[in-house]
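Next come the chains, spelled out residue by residue.
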Amino acid sequence: MPNIRSYLDQLPQLGQRVYIDEAARVIGDVVLGDDVSVWPFTVIRGDVNYVHIGDRTNVQDGTVIHVSHDGPHAKLGGFATVIGADCTIGHKAIVHACRIEDACLVGMGSVVLDGAVIQKHGFLGAGALLPPGKVMGEGEMWLGAPAKFARKLSDAEIEALFYSAGHYVKLKDEYLSGKRREI
C-alpha cells in the first residue's frame, strides 16, 4: 500500500477492511483496527511513540495524529496516542499524545493535547482546545478554547456517536468496492 511507510523498523499494522485514502499518510508504529478509515490529507505519525486506533473509527480529512517522546520537558516515556473503537475524528483535528476512549467525537478543527483524556461517549465540539492533562468525563460535551464542560449527552446523542462511526464504515466500504450503495 503506497500510503503507509515505515519509520526505522516499524511498519504500520492494518486490520481487516481498512481504508487509507491515497492522499493520506500513515507512518511508523501505528496499529489500525478493523474497518478503520483514514481520509484525504490525514497524517498519522508513530515515530517517537506509538498510535493505536480501534475498530470502526474514522479519521477525517486533514487530521494530524502524533505522539510525544521521553525527554527533559516531557512525562517519562512521553505519551502515545490511543483512540478507541467507534470514534469520529472530525476534519482538520489535531490529536497529539492523548487518549480518546470508545465512541467519542472530536469535532472539526479541534485540538487535543498531550496527556488529555476524552472518556467514553465524549463529545468535543468543533474548534475546541482540550489542554494538556485535562480529563473529559464519560458522556460529556465540552466546548470552547480552552474547552470546558457544557453538559451531559442525551441517550439519543450517544446513539448518534455510534451512527456516525457506522456511517463511515459504509462509506469506506463504497470507496474500497468502487460501488455506491443504494439509498
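In every chain, residue numbers begin from 1 and rise along the written sequence. Local features in a predicted model are, by the rule used here, given only for residues with pLDDT of at least 70; side-chain atom pairs are given and counted only at 80 or more, and totals for whole chains, interfaces and linings are based on all residues. Side-chain calculation: all heavy atoms of the structure are included, whereas hydrogens and water are not.

An unreviewed UniProt entry lists the chain under the name Carbonic anhydrase or acetyltransferase, isoleucine patch superfamily, with Solilutibacter tolerans as the source organism.

S.K.: Hey, could you go over the environment of Leu 32 for me, with residue numbers and the actual values?
M.R.: Relative to the helices and strands, Leu 32 resides in strand β4 (residues 25-32). Throughout, exposure labels follow a simple rule: accessible area from a 1.4 Å probe, protein chains only, divided by the maximum for the residue type, with under 20% read as buried, over 50% as exposed, and the rest as partly exposed. Residue classification places Leu 32 among the buried residues on the basis of a relative accessible area of 2%. Taking the C-alpha atoms as reference points, Leu 32 and Tyr 19, 13 residues apart in sequence, are found 9.8 Å from one another. The residues contacting Leu 32, other than those within four sequence positions of it, are Gln 13, Leu 14, Gly 15, Val 18, Ile 20, Val 38, Ile 44 and Ile 53. We count a stretch as a helix when DSSP gives it H or I for four or more residues in a row; a strand needs E for two or more, and each element gets its number in order from the N terminus. By the convention used here, residues are in contact when the closest approach between their heavy atoms is within 4.5 Å.

S.K.: Describe unusual backbone geometry, and please don't skip the residues or the numbers.
M.R.: Each neighbour pair has its own omega, and for Ala 145 with Pro 146 the value is 5°, a cis peptide bond. With respect to the helices, strands and loops of the structure, Pro 146 is situated in the loop between β19 (140-143) and β20 (148-152). Phi is positive for Ala 103, which is not a glycine, with a value near 55°. Within the secondary structure layout, Ala 103 lies in the loop between β12 (99-100) and β13 (105-106). Taking relative accessible area as the criterion, Ala 103 reaches 1% and is therefore assigned buried.

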